[in-house]
Amino acid sequence: MKGRIHLQSVIEPTTAAVSDLSCAAPLLEMKRISISFPGVKALTDVDFRTTAGTAHALIGANGAGKSTLMKILSGAYNHYEGEIWMNGDKVDIRSPKEAKDLGIQIVYQEVDTALIPNLTVGENIMLDRTVHDMGKRQLIRWKELHQEAESILARMNIQVPSRKLVSELTLAEKQMVLIARAVSKQCRILVLDEPTAPLSHSETEQLFKLVIKLKQDGVGIIFISHRLPELYAICDDITIMRDGLLVKSDRITNIDQPKVVEYMLGSKMEQQFPHAKRDIGDVWFEVKNMQDPGKINDVNLHIRQGEIVGLAGLVGAGKTELCRAIFGASETSTGEITLKGKKLRIRSPYDAVSHGIALVPEERRRQGVFVDEPVSVNVTAAVLSRFSKWGTWLNFGKEKQAAREIIESLGVKTPNERARVKNLSGGNQQKVAIGKWLLVDADVYIFDEPTKGVDVGAKRDIFRLVAELAERGKCVLYASSELSEIVGITDRVYVMYDGRIAKELTTRTSNEEEILLYCTGGGLT
Amino acid sequence: MNTARPVKEKPAANFAFDFLYKYGTLMTVLVLIAVFGSVADNFLNTSNIINILRSISIVTIIAVGLTVSLAVGGFDLSVGSTASLANALVISMFVWHGQNIGIGIGLTLLFCLAVGLINAFLVINFKIDDMLMTLATMFIFQGVALTYTRGATVSQNMIMPGGDFATGKIPAMFEKIGQVPWIIVIMVLVVIVVHLFLTYTKHGRYMYMIGGNREAAALSGIPVSRYRLIAYLVSALFAAIGGIILGARVMTAEVNAGGPYLMDAVAATFIGYSVFGAGKPNALGTFVGAVLIGILQNGLIMLSVPYYAMDIVKGSVLALALALTYYKKRH
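It should be emphasised that the depicted structure is a prediction, and the values quoted were computed from it without experimental measurement.

## Examining the overall build of chain B
Moving on, step 1. From N to C terminus, chain B includes 13 helices and zero strands.
Moving on, step 2. The order of helices and strands in chain B, counted from the N terminus, is α-α-α-α-α-α-α-α-α-α-α-α-α.
Moving on, step 3. Relative to a compact globule of 331 residues, whose C-alpha radius of gyration would be 20 Å, chain B shows 21 Å and is just as compact.
Moving on, step 4. Taking the principal axes of its C-alpha atoms as reference, chain B extends roughly 80 × 55 × 30 Å.
Moving on, step 5. Here chain B, with 331 residues, has 50% of them falling under the buried criterion.
Moving on, step 6. Sequence separation of at least 24 residues holds for 75% of the intrachain contacts in chain B that already meet a minimum separation of 6.
Moving on, step 7. Just so you have it, chain B exposes about 14,900 Å², and 69% of that area is on carbon and sulfur atoms.
Moving on, step 8. Computed over 20 positive and 12 negative side-chain charges, the separation of the two mean positions in chain B equals 10 Å.

## Some words on the pairing of strand β16 (residues 357-360) of chain A
Residues and elements named next belong to chain A.
Moving on, step 1. Because side chains alternate across β16, one face comprises the buried residues I357 and L359, and the other comprises A358 and V360, equally buried.
Moving on, step 2. Pairing of β16 with strand β19 (residues 444-448), which is carried by four bridges, proceeds in the parallel orientation. What sits directly across from I357, in β19, is V444.

## So, the pairing of strand β7 (residues 189-193) of chain A
Residues and elements named next belong to chain A.
Moving on, step 1. Buried residues dominate β7, accounting for five of its five residues.
Moving on, step 2. Bridging between strand β6 (residues 104-107) and β7 involves four bridges; their strand directions are parallel. When the sheet's bridge partners are listed, V107 is paired in β7 with L192.
Moving on, step 3. Where β7 meets strand β8 (residues 220-224), five bridges bridge the pair, whose relative direction is parallel.

## Description of the interface of chain B and chain A
Moving on, step 1. Chain B puts 30 residues into the contact, and the matching count from chain A is 41 residues.
Moving on, step 2. Overall, the association of chain B and chain A removes approximately 3,000 Å² of surface from exposure, summing both partners, and the carbon and sulfur fraction of that is 55%.
Moving on, step 3. Residue R205(B) pairs with E399(A) through a salt bridge whose shortest N-O separation is 2.7 Å.
Moving on, step 4. Elements with a minimum of two residues in the side of chain B that touches chain A: α7 (182-200), α8 (202-212) and α9 (214-219) of chain B.
Moving on, step 5. Per-element accounting of the side of chain B that touches chain A gives the leading share, six residues, to α8(B).
Moving on, step 6. When its residues are assigned to classes, the side of chain B that touches chain A shows 14 nonpolar, eight polar and eight charged.

## Describing a nonpolar patch on the surface
Moving on, step 1. Taken together, the side chains of W390(A), W393(A), F396(A), V188(B), I192(B), L196(B) and Y200(B) define a hydrophobic patch exposed on the protein surface, amounting to about 710 Å² of accessible area.
Moving on, step 2. By residue number, the principal contributor to the nonpolar patch is α7(B), which donates four residues.
Moving on, step 3. Looking at the secondary structure, you find F396(A) in helix α15 (residues 396-410).

## With respect to the nonpolar core
Grouped burial of nonpolar side chains is what soluble globular proteins tend to show.
Moving on, step 1. By size, the foremost hydrophobic cluster in this structure holds 98 residues, and its most contacted members are I91(B), F174(B), F270(B) and I295(B).
Moving on, step 2. The leading source of residues in this core is helix α2 (residues 46-71) of chain B, at twelve residues.
Moving on, step 3. Other than its neighbours up to four places away in sequence, I295(B) contacts V29(B), L32(B), I33(B), F36(B), F43(B) and I52(B).
Moving on, step 4. Listed in part, the 72 residues of the second largest apolar core include A317(A), A325(A), A352(A) and V379(A).

What counts, and where the lines are drawn
- Residues numbered from 1 in each chain as written.
- Chains lettered and ligands numbered in written order.
- Predicted model: local features only at pLDDT ≥ 70, side-chain atom pairs only at ≥ 80, totals over all residues.
- Heavy atoms only, no water.
- Helix = DSSP H or I, 4+ residues; strand = E, 2+ residues; numbered from the N terminus.
- Rg over C-alpha atoms; globule rule 2.2 N^0.38 Å.
- Buried < 20%, exposed > 50% of the residue type's maximum accessible area, 1.4 Å probe, protein only.
- Contact = heavy atoms within 4.5 Å.
- Areas by Shrake-Rupley, 256 points an atom, 1.4 Å probe, with all protein chains shown as cover.
- Lys, Arg positive; Asp, Glu negative; His and termini not counted.
- Charge placed at Lys NZ, Arg CZ, Asp CG, Glu CD.
- Pairing = 2+ DSSP bridges.
- Buried area = accessible area lost by both parts, 1.4 Å probe.
- Salt bridge = Lys/Arg side-chain N within 4 Å of Asp/Glu carboxyl O.
- Nonpolar A, V, L, I, M, F, W, Y, C, P; charged D, E, K, R; others polar.
- Patch = residues over 30% accessible without salt bridge, like charges linked within 9 Å, V, L, I, M, F, W, Y side chains within 5 Å.
- Core = buried A, V, L, I, M, F, W, Y, C linked by side-chain atoms within 4.5 Å.

Listed below in structure tokens is the structure:
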């Protein structure tokens, strides 16, 4: 049950899909919105509408276009095509100020960048007014400011004192302060971009109470999230996007969770995955009871010799954290790691590398490569001892030789081994980051989103490389939020949700829909 | 297949900047020599050249230590104070405690390594910004040196608090260290050894990697904390050697004698970033930087610029070097 055939039926999108939404007059209508960026058409004829006093779920896989659509709404782009109507009037939104003046407010996921931590809650809530509406007044009336802030907080039922410093708040409280600030001004549409990702269960409930309150006040809420159960708990309508198209808009009660997943995936182009025959051996690598407070929760996994094990999960599920914990890069993690029956003591990446574990990290430029150094220095970084006499004196000739071999075998596009890595393209930088570990000859290879920001050609090279490693009898852990890659390349999959392993699946008998369902917290009852 | 990626084309202005960046420092040195040589008669005398080399040797040694701390992405601001401490310790070992030269120097180096250990411990374990932490320890070690000497100058036959004269003698051999040729020989050795270490050994390579991208270095399995510790120990060690040589040269331990070397060392190191386009702290560059400052100072004094105006010149040179370094980083 490969699950691809019956998906063909759901690809005809847009106009017909917008059927019986909430029947009240629309608060917001975005008509035939299209936008292109150099080389890409990001949105094509998207018709999006939402009504006052409802919460509208906006969902889609990575790159589906939902943030682009919301950015257009907030005035971040001015070169889109299409019309925006509010309350039956045509409006022109070409700048953030115009959006704000119309009462469109957005609360982004990164709350810390939007608040000033060393000011009080009250000052943050009243920030815009202090900056813009003071006129000729030079002095701040503190009492007035806090009184007004407190009345806003009270109206929203937010239990945060106005005189507390923002830096002392929890993440959830910060988010509420941001919402309070957004609502303190004219607010007709409130966009919440992945608001629950960093929140605990009780904090999420607090947030939901606030959302319900806002709904009662007649605010139109657009709720972006990957967590299906939450969307079903709080939203009235749902819009699903895929590849820059709007594929479905409906009352949320008319679509069940597996159906949403189907719409999100659609049918994708087959990517070129190497079809290799691998001999999978005994369990070589085992992780037991891996914990990292607040990030990962009691994870157990194992990898057999020559096996590619996928680590699926959406952004924020804890994949990166788990990879780092296994590699000894987290100071707070605890757990037991065994390789070939030997228990390892891994307290730093240094320990991990000396025990034959390699990690290709997610943030390539920040964690994977030395941008100011040439290719040769980068690829020998993890095994410099092999390129030095008496463990000390560098052997530049041998290093050059090895660098050329890596460039040749990975097809790194670089003038020569002396070129600085910062002058290479993203895909080639990634090849350098991976090449570093090929010289190491480790037993366990961990890849964290290895194809992020990599072009198609380089992707194919990376897949081939990963498959080759497994063929050579290595253990491979492949973490990715691109489910097509997980399905295409792995033998077995662990699905992560909220810092835990939610499900273990055998790739051959599973499919993208099933994996995505577990990724979004579905299927667990 | 390996040639497809085009290298960014550089406009002429960029090319000119790159050329000046690479060879500007050396050209400046040559221009300064030419100008001072033609204006001041005895500038190019052998004795004056030796004089310049002697005058920069202590700065160079301290700056080379600072270079190592900068190589790992740190910044040891306490080198001047460490030099003061070493100066006070080594002279007092002889004058107050009558120790021989070996024990005097050995103990001094040991104490100063402890200073490096404290710096490294604070910076690494508490994850405090290197520059801020060593700013604090700079004052601490300066105060320790001051307290140890009771705020007085330590010299032969000094009057002790008890009213007697100090009886210890500074060994004649110790005095030699501060004189030509030894003071210059030591400087040259230090520069060569550190240059070889940073450029041709695995450990030097690791240090530059840590300085270039600490997180990537850690994730490559490089023991980052160990190398940062080593860098601070090296930095303190060379500051101590600088302080000891200072003691040998003036045969006393003045209050905060090492303090002024901090500015010169920082300037020399940052001027050194650009030499031959290295773009990172390096021992040879640091030496060239020290030469530039030394020539500037010597020549300006010959031209009767008062010594008290010298800081204006040195500070401006440092500002220029920093501007170049940071401009280069962004382009």
